[in-house]
Amino acid sequence: MLDKYVKRLIFIRPDKFYKRSIRQIKIDGVPVDVTSDPFSRYPEQTAIVFDNKDEVLKKLFLAKKIEFNVLYGREEAVSAFPIK
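Structural notes, computed from the coordinates.

What counts, and where the lines are drawn
Residues numbered from 1 in each chain as written. Predicted model: local features only at pLDDT ≥ 70, side-chain atom pairs only at ≥ 80, totals over all residues. Heavy atoms only, no water. Helix = DSSP H or I, 4+ residues; strand = E, 2+ residues; numbered from the N terminus. Buried < 20%, exposed > 50% of the residue type's maximum accessible area, 1.4 Å probe, protein only. Contact = heavy atoms within 4.5 Å. Phe/Tyr/Trp six-rings, centres within 6.5 Å; stacked < 30°, edge-to-face > 60°. Pairing = 2+ DSSP bridges.

1. Overview of the environment of threonine 46
Structurally, threonine 46 is set in strand β5 (residues 45–50). A residue is classified by how much of its surface remains accessible, and threonine 46, at 0% relative accessible area, is buried. Other than its neighbours up to four places away in sequence, threonine 46 contacts Leu9, Ile10, Phe11, Arg20, Ile22, Ser36, Asp37, Pro38 and Phe39.

Structure follows, in structure tokens:
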């Protein structure tokens, strides 16, 4: 979900861990460094904040595939989302 007012991406993925951080996403294979901030009221949601918001948001609107490198404690996982 894209928060167009604050210009951040909100990662919503129900899971049993909730304590996750996202340090990098890949937009069509191109890595973008990000910072993440979990919501305390909605633990299944994590806000992803970009350093260069406008440029990244333009890429997101045109993206065909977005991959998230998600860190659950010490375990790392990749979530990929094709966009149709």
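2. Let's talk about the packing of aromatic side chains
Both the distance between ring centres and the angle between the ring planes are used here to describe each pair of aromatic rings. Overall, the coordinates contain one aromatic pair when judged by the stated rule. Aromatic pair phenylalanine 68 and phenylalanine 81: ring centres 5.7 Å apart, planes at 80°, arrangement edge-to-face. Highlighted residues: phenylalanine 68 in strand β6 (residues 65–72) and phenylalanine 81 in strand β7 (residues 75–82), separated in sequence by 13 residues. The exposure class of phenylalanine 68 is buried, given its relative accessible area of 5%. Residue phenylalanine 81 is classed as partly exposed on the basis of its relative accessible area, which comes to 29%.

3. Thoughts on the pairing of strand β3 (residues 20–27)
Where β3 lies against β6, seven bridges are found, and the strand directions are antiparallel. Paired with isoleucine 25 across the strands is phenylalanine 68, a residue of β6. With four bridges connecting them, β3 and strand β4 (residues 30–38) associate as antiparallel partners. Counted as the bridge partner of isoleucine 25 is valine 32 from β4. Two successive antiparallel strands, β3 and β4, enclose a turn made up of two residues, where aspartate 28 displays a positive phi of approximately 50°.

Keep in mind these numbers describe shape, not what the thing actually does.
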